[in-house]
Amino acid sequence: MKTSIQWKIVTIYLSLVLVIMVVSGTLIIYDIENTYYEKLKNELVDAAEMIETRLAVETDEQLEESIDEVEKTLSMLVALNKHDIYILDATGHLLLGSTSKYAIGQLVPSKQVIPKVIDKKQAVTLDWPNFASQDGGPEYVEHARPIMDKNTGDLLAIIYVMADASDIYNNVFNAMKTISLASMVAMAIAALFSAIFARMITVPIKQLTKSSKQLAEGSFSRIPIYSTDEIGQLTQSFNYMATELSRTMGAISSEKSKLEKILQNMADGVMAFNRQGVLIHANPVCSEILGENRIDHRFDFIFPKFGVDVSFDQLMKNEERENIKADEGIMMEIEERYYNLHFAPYSNSLGESEGLVVVMQDVTNQQKLDQMRKEFVANVSHELRTPLTTVKSYTETLLDGAIDDREIAVQFLRVMEKEADRMTNLVKDLLELSRIDNKQMQLDLRAIDFRSIVEDTLEAQKIHIEKKGHRLIYEANPELDYIMMGDSARIRQILHNILSNAIKYSIDTGTITVKLYKNKDWITLQVQDTGIGIAKPDLARIFERFFRVDKARSRSQGGTGLGLSIVKEMVELHDGTIHITSKVGKGTTVTVQFKPYTS
Ligand code: ATP
Ligand code: MG
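- Looking at an unreviewed UniProt entry, the protein chain carries the name histidine kinase, with the source organism given as Holtiella tumoricola.
- In the Subcellular location (unreviewed entry) part of its UniProt record, the protein chain is described as follows: "Membrane".
- Note on the protein chain: under the UniProt heading Catalytic activity (unreviewed entry), the record states "ATP + protein L-histidine = ADP + protein N-phospho-L-histidine."

Here is the structure:
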């Protein structure tokens, strides 16, 4: 059963008061009873002594003479004290009595004291009123004293005095009533005070209990302090705890929300598994990487699906992780994208493993860059080796005697010169790209007339156009100026490459259309050819370094596949755009745009 402190205190107080009242009441009653009894006993003794003095007899004869005398005293004493006084003979028969309870000469019924006096010839007082008299009759206090024959030493008579002790009883009863009343009043007062006292303790405790519950529910309200005692100190400690807890909870929740934001917004996928390998957290990137439907709830079901052969138990036991280099992780490929998986177990405050965190880092770009770098190096070495091999074989043939045939020797030397030119161009292009990559390309920016550079370039390429029997159509509005901020040498380089591509990749007698437009936002150059065109998949790769649709064809034209890469970089350095559309067999259109210069 739930009993409150309040009731416990009240009960203890009441019990205490009850015990005190019972003990002190018993003692008081005992004392009162004793006092009254002693008083009554003394009265009886005094009365008997008085009778004895009055009797003043020493012999049998004197006794008879004194009886009358004594009768008067007797009635006076009886009137005074209301005790029963009897004078008995030596055998206990009544000689004279203050009451008519017994007849003269009747043997007074054997009270305890009379036989004792007859027997011992000494005064006897009943030690204790016979409250518990078995016959239920009135309780008495008795005293009897012998009157001795001075000569013979025999018992002459007995003075027997008795008193009703019911007065004592009544007094004791009254005292008991008073004490009971006092006890009840004392208990009522005690109950009231203890209830007030208990309330003083329980009210703050109840308040503390309520606030503790609120605290557990997340409300950090403070409790007013009314005292400096232990309860006050407890309340103070509680308030301190609430403040600290609120601060800590605030810090934890801000830390948590920070962490959640980080997890939500980070580019890497993060998953957490508990000790049993069950997924307990996955940030949104995980769904993007693995696909919403493919995220299973168990570690051992997720990763094998993507061909990653790792066991959760072994990772937790540290065995597997030792085989995975900390900074490398495990590579996972999903739909042509590459992810590096890192595994890190986390532990609780006791240092026991609690689970595993898996971080999925998208390394597709690095992977592609790496691939590109490898391809680039392979391409460069290949492009350098090819002319060198040609030069070397031609040199050997010359040395082996071909040098003597002048015609062949000149032809060989021409080829060697061409190859050397190709190498020079290649190295020049590579240097250019490397300068662009390292941001070392310095543009000599000036306000230039784009149209005149286009026309110069067309003039320079005219010979090649004519050589291949192409028709050139050139359109520009002579009334407009096409002034832009640019490095004229670089712009020339851009135009040269685009035009030479149009010439190179058109079958003879095609049409090359060059158009210049201008609006307030852009100066646009369009170079259109009716050449071989570029297939869609190749078009997507046209700006890649060393990319050529038809390697042999391009090579035969002296191309390296770096031209358009450099063009794109240079156009972008000028804040311009380049766009190519093409249809196989129909032709290609290259559109370049630059911002016009406004002074
Ligand atoms: P380089 O320009 O370095 O001498 P290249 O012309 O081969 O060599 P790019 O200018 O980068 O290299 O062009 C890359 C490839 O794109 C070419 O090899 C060719 O296959 C294709 N290409 C470029 N322009 C055209 C075009 N106008 N018509 C058809 N194919 C083209
Ligand atoms: Mg080119």
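1. Focus: the sheet that holds strand 12 (residues 471–475)
- Ordered by their spatial adjacency, 5 strands build an open sheet running 12-14-15-17-16, and the pairing between neighbours is mixed. Sheet topology places strand 12 and strand 16 (577–583) at the edges, where each strand pairs with a single neighbour. Along the sheet, successive strands turn relative to each other by an average axial angle of 10°, direction set aside.
- The pairing of strand 16 with strand 17 (residues 587–594) spans 7 bridges and is antiparallel. Bridged to Thr577 within strand 17 is Gln593.
- Contacts between helix 13 (residues 488–504) and the sheet are confined to strand 14 (511–518), strand 15 (523–529), strand 16 and strand 17, with strand 15 contributing the most and set at about 25° to the helix.

2. Some thoughts on the pattern of salt bridges
- Inspection of every chain in the model, using the stated rule, returns 28 salt bridges.
- In this structure, Glu396 engages Lys392 in a salt bridge whose closest nitrogen and oxygen atoms are separated by 3.2 Å. Separated by 4 residues within a single helix, Glu396 and Lys392 lie in helix 10 (residues 364–399), roughly one turn from each other.
- Here Glu569 and Arg545 are joined by a salt bridge, their closest N and O atoms 3.5 Å apart. Residue Glu569 is located in helix 16 (residues 563–573), and its partner Arg545 is located in the loop between helix 14 (536–539) and helix 15 (551–556); the two are separated by 24 residues in the primary sequence.
- One salt-bridge network, held together by shared partners, links Glu383, Glu419, Arg422 and Arg548.

3. As for the domain arrangement of the protein chain
- Along its sequence, the protein chain is organised into domain 1 (5–173), domain 2 (220–265), domain 3 (266–361), domain 4 (369–437) and domain 5 (446–594).
- Using C-alpha coordinates to define each centre, domain 2 is positioned 77 Å away from domain 4.

4. With respect to the pairing of strand 10 (residues 353–362)
- Both strand 6 (residues 269–274) and strand 10 contribute to a ladder of 6 bridges, which runs antiparallel. Its bridge partner lying in strand 10, Phe273 is registered against Leu356.
- Taken together, the 9 bridges between strand 9 (residues 337–347) and strand 10 define a ladder with antiparallel strand orientation. Of the residues in strand 10, the one forming a bridge with Phe343 is Val358.
- Counted between consecutive antiparallel strands, the loop separating strand 9 from strand 10 contains 5 residues, among which Gly351 sits at a positive phi close to 85°.

5. Observations regarding the sheet that holds strand 9
- The strand order across the open sheet formed by 5 strands is 7-6-10-9-8, and the pairing between neighbours is antiparallel. Among the strands making up the open sheet, the edge pair consists of strand 7 (279–282) and strand 8 (330–334). When the angles between neighbouring strand axes are averaged without regard to direction, this sheet yields 25°.
- Judged from the 5 bridges that link them, strand 8 and strand 9 form a sheet pairing that is antiparallel. Of the residues in strand 9, the one forming a bridge with Met331 is Asn340.
- Of the strands in this sheet, strand 8, strand 9 and strand 10 are in contact with helix 10, which crosses strand 9 at around 130°.

Rules behind the numbers
- Residues numbered from 1 in each chain as written.
- Chains lettered and ligands numbered in written order.
- Predicted model: local features only at pLDDT ≥ 70, side-chain atom pairs only at ≥ 80, totals over all residues.
- Heavy atoms only, no water.
- UniProt positions renumbered as here; feature names shortened; annotations may be inferred.
- Pairing = 2+ DSSP bridges.
- Helix = DSSP H or I, 4+ residues; strand = E, 2+ residues; numbered from the N terminus.
- Axes fitted to C-alpha atoms, helices over the stretch in contact; angles between N-to-C directions.
- Contact = heavy atoms within 4.5 Å.
- Salt bridge = Lys/Arg side-chain N within 4 Å of Asp/Glu carboxyl O.
- Domains from an automatic or database assignment.

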